[in-house]
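What the coordinates show
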Amino acid sequence: MKSVYMDHSATTPVDARVFEAMIPYLTSEFGNPSSIHSKGQKARQAVETGREQIAALINADPREIIFTSGGTEADNQAIITYALNNSQKGKHLITSAIEHHAVLDSFHYLQGLGFDVTFLPVNAQGMVEAETLAKAIRPDTILVSVMHANNEIGTIQPIEELAAISHEAGAVFHTDAVQTIGKIPIDVRKMGIDMLSASSHKLHGPKGIGCLYVKKGVRIKNLFHGGGQESRLRAGTENVPGIVGFGKAAEIAGQEMHKRAEHLNRLGQRLREGIVNSIPNTIVTGHPEMRVPGSVSVCFEFVEGESILLMLDSYGIMASSGSACTSGALEPSHVLLAIGLPHEIAHGSLRLTLGKDNTQEDVDYVLEVLPRIIANLRHMSPLAGRGGSQ
Ligand SMILES: *Cc1c(COP(=O)(O)O)cnc(C)c1O
């Protein structure tokens, strides 16, 4: 049976060149970067090369990169330790309603510690409007965190504008760039980003490694206590093979970004248009232009996201939904609700996120199978009234 993976916002396969680069550090070059001897120093060098490769991708100084276990840890460290370390300046924090749970739950944690958090609404395209932030920001706001692009609906935020508004009010600006690093250009200096979270496994690197960019002078603290690694900001022996892989993945993504984006935009457009043209009662979600290359998100009326996923999987197509059943409750995601979709429409959400190795043949296979699946599900659905039987 065919196997078509279209869930690259969840994770990506490790690039063969990345794996190749990692092998020595999983075998003969196993040294601890803190050791004085030559094996240790070889590992140290590898870590510093990885740091340089990642810094180069976002126009940062390598000394501004702290390696973490992934995007989740980077988000937690940026938000929680910045707030705790700077609370004498104010206790008001701002984020958006559509953030990843790693960000949202870090803010919920801070609310429990007595911080005042504003969750900004987004417009129907999933965008945080500059005006909304300008109205919410206050003299006691110390931190604003808005993701670069959303993992469910693909909308890219006006980061440069949001950062400028934050700085005018004296707040620092953090962005979760897990969905954009290596896919669209990022220049932390030009965009005014003070802190940025990234993760390796979303850009064809290994899992369990990520980083936090912290602009020189922005005062955060360590989450973990122990050794003095990562300028005393992240205790624990470095994940050397992970860092090597992340660095290599970042380097390749920088070189191939333009080519990949073109490919993904072309396939994404073919997929989106094909779906809309062949399946009635489809609602396209997210922003029409400001979106991550290759991210297609839609809602089908009168069907249920989880059923679509199971049916697609039986045809070898792997995708995801913002309305998958979590903890037994069928609740649409906070993102779909925040863009104003009614529950009954949000329930039929489907996210297809393409990757560099997807082909036009993959897209056409989905376009052959999906309309039949939706028609069949609607046929069986008690929700489908006259609208669903077209
Ligand atoms: C995947 C993801 C994360 C979490 O990254 P991990 O490395 O898996 O912890 C955070 N934010 C966004 C937007 C993501 O898509």
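So, a few notes on the structure that sits alongside this text. Here the structure is a predicted model, which is why all the values come from computation and not from measurement.

Digging into the site of the ligand
- Close contacts around the ligand come from 13 residues, with Thr72, Asp176, Gln179, Ser199 and Lys202 the closest.
- Within the backbone of glycine 71, a nitrogen or oxygen atom sits 2.8 Å from an oxygen atom of the ligand.
- Taking 380 Å² as the accessible area of the ligand by itself, protein coverage stands at 87%.
- By residue number, the principal contributor to the shell around the ligand is helix α3 (residues 71–85), which donates three residues.
- Looking at the shell around the ligand, its residues break down into two nonpolar, eight polar and three charged.

A few points about the pattern of salt bridges
- This model, assessed by the stated rule, comprises 20 salt bridges.
- Linking arginine 44 and glutamate 238 is a salt bridge whose minimum nitrogen-to-oxygen distance equals 3.0 Å. Placement of arginine 44 in helix α2 (residues 38–58) and of glutamate 238 in the loop between α8 (229–232) and α9 (240–278) is noted, with a sequence separation of 194 residues between them.
- Of the residues examined, arginine 44 reaches a relative accessible area of 22% and is grouped as partly exposed.
- You can call glutamate 238 buried: its relative accessible area is 9%.
- Look at the salt bridges and you will find they share partners, linking Asp15, Arg17, Glu256, Arg260, Lys356 and Asp357 into a network.

Overview of the nonpolar core
- One finds Ile58, Ile65, Phe67, Ile186 and Leu196 to be the most contacted residues of the largest nonpolar core, which totals 60 residues.
- The element contributing the most residues to this core is α9, with nine residues.
- For this core, the domains that each give at least three residues are domain 1 (4–11 + 257–382) and domain 2 (16–252).
- If near-sequence neighbours (up to four positions away) are discounted, phenylalanine 67 is found in contact with Val47, Gly50, Arg51, Ile54, Ile209, Gly210, Cys211, Glu230, Arg234, Ile243 and Phe246.
- Of all hydrophobic cores here, the second largest spans 27 residues; its members include Leu312, Leu354, Ile374 and Leu377.

Comments concerning the side chain of arginine 291
- Relative to the elements of secondary structure, arginine 291 occurs in the loop between β9 (282–284) and β10 (295–300).
- As a buried residue without a salt bridge, arginine 291 has its nearest oppositely charged side chain in glutamate 289, at a separation of 9.7 Å.
- Polar side-chain contacts of arginine 291 include one of 3.1 Å to the backbone oxygen of isoleucine 153.
- Polar side-chain contacts of arginine 291 include one of 3.3 Å to the backbone oxygen of threonine 285.
- Setting aside residues no more than four positions away along its own chain, arginine 291 makes contact with Ile153, Gly154, Ile156, Arg272, Thr285, Gly286, Val296 and Ser297.

A word on the sheet that holds strand β5 (residues 141–145)
- Spatial strand order, β2-β8-β7-β6-β5-β3-β4: seven strands in an open sheet with mixed pairing. At either margin of the open sheet sits one strand with a lone partner, and together these are β2 (65–68) and β4 (116–120). Averaged over all neighbouring strand pairs, the angle between strand axes comes to 20°, with direction disregarded.
- As defined by bridge partners, strand β7 (residues 195–199) adjoins strand β8 (residues 210–214) across five bridges and the pair is classed as antiparallel. Looking at the pairing, serine 199 lines up with glycine 210 of β8.

So, the pairing of strand β6 (residues 172–176)
- Most of β6 is tucked away, with five of its five residues classed as buried.
- With three bridges joining them, β5 and β6 adopt parallel strand pairing. Across the sheet, the residue bridging to leucine 143 is valine 172, located in β6.
- Once you follow β5 into helix α6 (residues 159–168) and on to β6, the crossover reads as right-handed.

Considering the layout of surface pockets
- Roughly 490 Å³ of volume is contained in the largest pocket.
- In this structure, the largest pocket is lined by 30 residues; those nearest its centre are Asn151, Glu152, Ser321, Gly322 and Ser333.
- Along the lines of polarity and charge, the residues of the lining of the largest pocket split into nine nonpolar, 16 polar and five charged.
- Lining the lining of the largest pocket are residues from two domains, each supplying at least three of them: domain 1 (4–11 + 257–382) and domain 2 (16–252).
- Of the voids in this model, the second largest pocket is the one considered here, and its volume is about 280 Å³.
- Elements represented by at least two residues in the lining of the second largest pocket include exactly β2 and α8.

Some words on the sheet that holds strand β12 (residues 349–353)
- Here three strands make up an open sheet; going across it, the order is β9-β10-β12 and the pairing antiparallel. The sheet is open, and its two edges are formed by β9 and β12, each paired on a single side. Mean inter-strand twist for the sheet, computed between neighbouring axes without regard to direction, equals 25°.
- In the sheet, β9 pairs with β10 via three bridges, with the strands oriented antiparallel. Note on β10: the bridge partner recorded for valine 284 is valine 298.

Some thoughts on the environment of glutamate 131
- The residue glutamate 131 is located in helix α5 (residues 130–136) in this model.
- Sequence separation between glutamate 131 and leucine 113 is 18 residues, and the spatial gap between their C-alpha atoms is 29 Å.

As for unusual backbone geometry
- Of note, the phi angle at histidine 204 is positive, near 70°, even though the residue is not glycine.
- Looking at the element boundaries, histidine 204 is found in the loop between β7 and β8.
- Histidine 204 gets classed as buried once you look at its relative accessible area, which sits at 6%.
- Phi is positive for asparagine 281, which is not a glycine, with a value near 55°.
- Following the sequence through the fold, asparagine 281 ends up in the loop between α9 and β9.

Rules used throughout
The residue count restarts for each chain, going from 1 along the sequence in the order it is written. Residues qualify for local features only when their pLDDT is at least 70, as the model is predicted, and side-chain atom pairs are given and counted only at 80 or more; totals for whole chains, interfaces and linings, by contrast, use all residues. Computation of side-chain values: all heavy atoms of the structure, hydrogens and water removed. Proximity is defined per residue: if any heavy atom of the residue lies within 4 Å of a molecule or strand, that residue is considered near it. Counting of polar contacts relies on pairs of N or O atoms within 3.5 Å, with two restrictions inside protein: one atom must be capable of donating a hydrogen and the other of accepting it, and residues adjacent in sequence are counted only when both atoms are side-chain atoms. Surface accessibility in these figures is a Shrake-Rupley result with a 1.4 Å probe; residues are shielded only by whichever protein chains are displayed. Here a helix means four or more residues in a row that DSSP labels H or I, a strand means two or more in a row labelled E, and each is numbered from the N terminus. Under the scheme applied, nonpolar residues are Ala, Val, Leu, Ile, Met, Phe, Trp, Tyr, Cys and Pro; charged residues are Asp, Glu, Lys and Arg; polar residues are all the others, including Gly. We count a salt bridge whenever a side-chain nitrogen from Lys or Arg sits within 4 Å of a carboxyl oxygen from Asp or Glu. The cut-offs for exposure are 20% and 50% of the maximum accessible area for each residue type, with area from a 1.4 Å probe on protein chains only; residues under the lower value are buried, those over the upper are exposed, and the others partly exposed. To qualify as a nonpolar core, a set must consist of buried Ala, Val, Leu, Ile, Met, Phe, Trp, Tyr and Cys residues joined through side-chain atoms within 4.5 Å. Boundaries between domains were set according to an automatic or database domain assignment. Two residues qualify as a contact provided that any one of their heavy atoms is within 4.5 Å of a heavy atom in the partner residue. Charge counting follows a simple rule: Lys and Arg are positive, Asp and Glu are negative, and His as well as the terminal groups are ignored. Any two strands between which DSSP finds at least two bridges are classified as paired. The axes used here are C-alpha line fits, helices contributing only the stretch in contact, and every angle between their N-to-C directions lies in the interval 0 to 180 degrees. Crossovers are described as right-handed under a simple rule: with the strands pointing away from the observer, the path leading from the first strand over the helix to the second runs clockwise. Lining residues are those with an atom within 4 Å of a point, where the points come from a 1 Å grid over the protein atoms alone and group into cavities, where a 1.4 Å probe fits but cannot get out, or pockets, open sets with protein on both sides within 12 Å along at least five of seven lines. Grid points are joined across faces, edges and corners, and a volume is the space filled by probe spheres set on the points.

These figures capture arrangement, not role.
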